[in-house]
Structures are given as C-alpha cells and as structure tokens.
Amino acid sequence: MDSRTPSLPANVLDRISHALARRFEVDLRALAAFRVAVGTLVIVDLVLRSRDLVAFYTDAGVLPRSALFADYGTLYSLHALSGAAWAQVLLFVLAGAVALAMVVGYRTRVATAVSWVLLVSLHLRNPLVLNAGDTLLRMLLFWGTFLPLGERWAVDAGRNDRERSVVASIATVALLIQVVLMYATNAVHKTRSDAWTSGKAVAYIFQADHFTILLGDVLAEHHALLELFTYLWMAMIVASPLLLLCTGIPRAVLAAAFAGMHLGMLVTLRIDLFPLISVAGLVPFYPPVVWDAVESLADRTGAVSWFRRRSASVELSTAVSTPDEFVRDCSAVSILSDGVTRAYGACLTVVPFVFLVLVVTSNAAAVGYATMPDHGDRALDAIQGDQNWRMFAPNPTRTTKWFAAPGTLENGTEVDVLHRSRVDLDRPARAQDAYPTSRWRKYLSTVQSADNERHRSYLSNYLCNRWNGHHDTEVRDVSIYFLYEQSDPYDGSTSSGNVSIQEYDCSGEFVQSDG
C-alpha cells in the first residue's frame, strides 16, 4: 500500500472529526447577534427588576440581609455588601453600563465576564424571585465569556482576526449543548406526566389565569387547539437533539420553529423574559446562509457601516502604533507573551470543558440518570450553574392563585396593605392584575410554600413598614391570605378556597414565624 494513502481508520476519524466540527461550529455573525441579544436582555431585566428594587434587594424589603445570611449562609454577592437602596442603584447602573458595552462590542470579553459576575451577584441577593429564565440567562453569559463575541459587528472587531467566518471550540459545544439540555431535560420531566402525555397540560395551564395574558386569555376556552399545541410542543422538545444533529437549512428551520413557539409563549403567558432569553439562546444555531442574507440586508440599510469604519480606524491605529521590531528584539518579553497566550488559550478550553461535564451531569441528575459528586455540586454552586428545567412539569399548574393582606388600622378601618386598597377576598376579574409584577407573583408563590414559612414574617413586617411609612394612620396588625380557584376545563367543575398563612402584630417587635 502507498505510504502516502491514508489508512481506513484515519479516513474514518477524519470524517467523524469533520462531521462534529460542522455540527458545533458557529458563525461569528451569529455570535455577534447573540451578544447583542443577551446584552440587551440584561439591560431589560435590570429595568424590570428596578421597579421592585427596594422591596427585593434592600434591608427595608422582604429579604433583609440578616434573613438572607440566615437561610443561605455566606454569599459571594456584591449586592449583599450593603442593604441601602443607593448601593443597589449604583450596582444596577454599573451592570447596565457594562451590558451596554457588551451590546456594542467594546472590550467584549471583559464586559461579558463582568456582566455575568454582576448577574450572579444579583441572583444571589434574592433567590426567592428567580425562575428558569434567570438560570438560562446566567448560563448564556457564562458560556459567552469563553467565546469570540466581539469579532463581528462590534467596536472590538478591528482588533480580531477577520479571516475566519466560523468558530468551533469547546465553548461553542457547551453553548449549543446547554440549549438542547434545557429542552431535553424538560422533555424527560414531561414524558413522566400523564397531563402532558395525554395532551391536557396546556389547557390546564391556561386555566390558571394569573399566568395568562393577551392571546392566552382568548385561547383558554379552545381546548382542542391547546391539546394540539401540547402534542406539538412535546414532539419538539423530545426531538430537540436534532438541533445538534442537523446542519444548514434544516437546522435553521428547526431553530426557527422553536423560536416561533417561544414567541407564542410571549403573547400568551406571563413568564417574564424566559421566551426572549430562549430565543437568544437559539441564535447561534442559525447557519452562515442565514447570516449572509442578514448581512446583505444590513449592508443595504447601512446598519453596519459605523462598525466597519470603526474597525478600519482601529486596524490603522494598531498598525501605526505597534513597535514590532522592538518586541522581536526582546526575547524575554516574547517568551513571557507566548506563555501568557498559551495559558489564556488553555483557560478558554479547560474551564468550559470541565463545567460542560458538570452541567451535563447536573441535568442527568435532575431526571434521575446520574448522581452529582459533592465536589461537582460545589463547583456548580460557585458559578450558580445547577439546573433542573422542570418548567410546568411534571405536574402543570391548573390553579389560579392570588393573595390578599387585610390589615386593621389604628382607627379600626380595614385595608388590604398588600394591594393598598379596600379588602376584597373575591376572585379578581383578571387574576394576573393581583400581582404588581411577575417577580411579585414568583415571590408570593415561593413564600406560600411550606418550605419558606419563615419568610412570611419578613413579608408581613415589610408590608407594615411600607404602609406606616406612607400613611398617617398606622396599621396595627395584618393577616396574609392565600386564595385559589381550581377549574377543570373538561368537565367544567370548579373549587375554590382561602387559607390564612400568617397573622402578624405590626405594633410589636419583629417575631419570626416557626418554620
């Protein structure tokens, strides 16, 4: 045999390597769009959270730092260094500024890393208001720190290698697998549920109208259509590994289908930013043919001309100012530079590889297919990377929930100190209006759980102080009620009730609930 002819095993390995590279390579323009989307979502998230800044992130709110530390121990959170509102405002503004730098692609890797650190810090400050969208956004930022997000459509673009058009690395593998793991793990949870496998789950969820909004209120009575959506969504998440197996146009079509379903969630369910964060996570799946069309359209509208001018100026500046001859003459500097470059490259490979293994194990453990070692748990805790992706599974909610907090004022008048209105325990016409924001809905649902009974005293104390701080007539005591109505969309049966979950004396010292 000719020694120059590759052996059969070598051919097979080459083909496997090429096939894997095709499935895990990401267009640099996709990473640029991903960067813009994620950075923008961080800013939007900050704006939405700022509405409840005092309530959820200061010592005057529902979770003072004493309660936070008592429940969660020592936390590495910048937001927990001070309980004052001004400190949180500064951190919110800083996070917004860094996210804006990420959007425009200025010092992109640093901006992405700092955005991730500040987001983790914010999440640690109040775990009681977190949801699946927060977990996904956190992980998208984490993997983004190891990716060349600033090589296209960015202020940084002139500093980077513009010869390549795609990138394939451990970080791209991790980013793509992360999104598929979310769907696949959720699929396992849902296939273990009679409500989901029978097609009834979405109809049940749409009866809980503290979740439904806009089109969701209209669709709630169309049970056959909702059953169709249930089966369609189940089929899609079960088939989600095809996002990795497909390439080219088929992958783009499948990613678009998932994005379309998430946009449907956006106009039917009040689940905060989760649908948009999921769409952002799907952006890297779009192949070069899509970005060729996008860039062609952008060229015609002049949308990227500024970045190209900026890139040209940076390239010129670098060419003029870099003392190449001096660097070549300084062997010690050259050796040090090479060492730093190699260490940096190793970090961008080893770190995402280790955490990818841990994240895959965490998802497998969430559905009972693996056990996470203690050291793995500690490592994931360090980056807030633990995941389970239940999301309406295995048992979808079918109960409309709302809360009331009747309080007695010093003059004997009764008011609802939660809603700052008259007392009314009847079901509201639109249950979603009973919550100021989706974060309040998440918080109240969490506190209603028996596992968080001790936090009801902090909530009561906050409600007393908030009322007394803004009214001349103070409140003497407050009762917190959990109210519910459960409807079966198929037989029309309805049951309702209310449960008093807290009685609190506002005039005395703070008293902790037994828990």
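Residues numbered from 1 in each chain as written. Predicted model: local features only at pLDDT ≥ 70, side-chain atom pairs only at ≥ 80, totals over all residues. Heavy atoms only, no water.

Colleague: Where do I start with the overall build of the chain in this structure?
Modeller: Of the regular secondary structure elements, the chain holds 22 helices and 7 strands. Considering the chain as a whole, with its 515 residues, one finds that 49% of them fall into the buried category. Contacts spanning at least 24 positions in sequence make up 75% of the contacts within the chain whose residues lie at least 6 apart. Surface accessibility of the chain: about 24100 Å² in total, with carbon and sulfur atoms responsible for 60%. (Helix = DSSP H or I, 4+ residues; strand = E, 2+ residues; numbered from the N terminus. Buried < 20%, exposed > 50% of the residue type's maximum accessible area, 1.4 Å probe, protein only. Contact = heavy atoms within 4.5 Å. Areas by Shrake-Rupley, 256 points an atom, 1.4 Å probe, with all protein chains shown as cover.)

Colleague: Would you explain the nonpolar core in this entry?
Modeller: Note on soluble globular proteins: their nonpolar side chains tend to be buried together. Ranked by internal contacts, the top residues of the largest apolar core, which has 139 residues, are Trp440 and Tyr443. Tallying contributions element by element places helix H8 (residues 170–191) first for this core, with 12 residues. Those residues in contact with Trp440 that sit more than four places away from it in its chain are Asp52, Ala55, Phe56, Val62, Leu418, Tyr435, Leu459 and Tyr462. (Core = buried A, V, L, I, M, F, W, Y, C linked by side-chain atoms within 4.5 Å.)

Colleague: Looking at this structure, I do not really get the side chain of Ser121. What am I missing?
Modeller: Relative to the helices and strands, Ser121 is located in helix H6 (residues 108–125). Each residue touching Ser121, except ones within four places of it in the same chain, is listed here: Ser77, Leu78 and His79.

Colleague: Where do I start with a nonpolar patch on the surface in this structure?
Modeller: On the surface, Leu214, Leu215, Val218, Leu263, Leu266 and Val267 cluster together into a nonpolar patch covering about 490 Å² of accessible area. Breaking the nonpolar patch down by element, the ones donating at least two residues are helix H11 (215–219) and helix H14 (248–266). (Patch = residues over 30% accessible without salt bridge, like charges linked within 9 Å, V, L, I, M, F, W, Y side chains within 5 Å. Salt bridge = Lys/Arg side-chain N within 4 Å of Asp/Glu carboxyl O.)

Colleague: Whenever I open this one, the packing of helix H2 (residues 28–50) against H6 confuses me. Can you help?
Modeller: Between two packed helices, what matters for the description is the angle formed by their axes and the separation of those axes. Packing of H2 against H6 leaves a shortest axis separation of 12 Å and a crossing angle of 35°. Crossing of H2 against H6: the hand is left-handed. Residues Arg35, Asp45, Leu46 and Arg49 of H2 form the contact with H6, whose own contacting residues are Thr108, Leu119, Leu122 and His123. In terms of residue class, the contact of H2 with H6 is made up of 3 nonpolar, 2 polar and 3 charged. (Axes fitted to C-alpha atoms, helices over the stretch in contact; angles between N-to-C directions. Left-handed = near helix turned anticlockwise from the far one by under 90°. Nonpolar A, V, L, I, M, F, W, Y, C, P; charged D, E, K, R; others polar.)

Colleague: Sorry if this is basic, but what is going on with the state of the cysteines here?
Modeller: Simply put, the disulfide is a covalent bond whose two ends are the sulfur atoms of two cysteines. For the structure on display, the rule yields 1 disulfide. Linked covalently through their sulfurs, Cys464 and Cys506 form a disulfide whose S-S length is 1.9 Å. Sign of the S-S torsion, about -45° for the bond between Cys464 and Cys506, identifies this disulfide as left-handed. Here Cys464 is found in helix H22 (residues 455–470), whereas its partner Cys506 is found in the segment after strand E7 (494–505), with 42 residues between them in sequence. Each member of the pair, Cys464 as well as Cys506, carries the same accessibility label: buried. (Disulfide = S-S within 2.5 Å.)

Colleague: How do you make sense of the pairing of strand E3 (residues 399–404) when you look at a structure like this?
Modeller: Working note: regular strand, side chains alternate between the two faces of the sheet. In terms of residue burial, E3 counts as a mostly covered element, since 5 of its 6 residues are buried. Pairing geometry for E3 and strand E6 (residues 475–487), over 6 bridges, is antiparallel. Each bridged residue has a counterpart across the sheet, and for Phe403 the counterpart in E6 is Phe482. (Pairing = 2+ DSSP bridges.)

Colleague: Sorry if this is basic, but what is going on with the environment of Ala256 here?
Modeller: Along the chain, Ala256 falls in helix H14. The partly exposed category is assigned to Ala256, whose relative accessible area is 38%. Ala256 sits 23 residues away from Val279 along the chain, and the two C-alpha atoms are 8.9 Å apart.

Colleague: Honestly, helix H15 (residues 274–282) in this entry has me stumped. Any pointers?
Modeller: Each α-helix turn comprises 3.6 residues. Residues three or four places apart therefore point the same way. In terms of burial, H15 is largely enclosed, as 7 of its 9 residues are buried. Among the residues of H15, those classed as buried are Phe274, Pro275, Ile277, Ser278, Ala280, Gly281 and Leu282.

Colleague: Would you mind showing me how to read unusual backbone geometry here?
Modeller: Backbone phi values are negative for most residues with the exception of glycine, while trans is the configuration of most peptide bonds. Cis geometry is found at the peptide bond from Ala393 to Pro394, where omega equals 0°. Its location among the elements puts Pro394 in the loop between helix H20 (374–383) and E3. One non-glycine residue, Asp272, lies in positive phi territory at about 60°. Within the element layout of this structure, Asp272 appears in the loop between H14 and H15.

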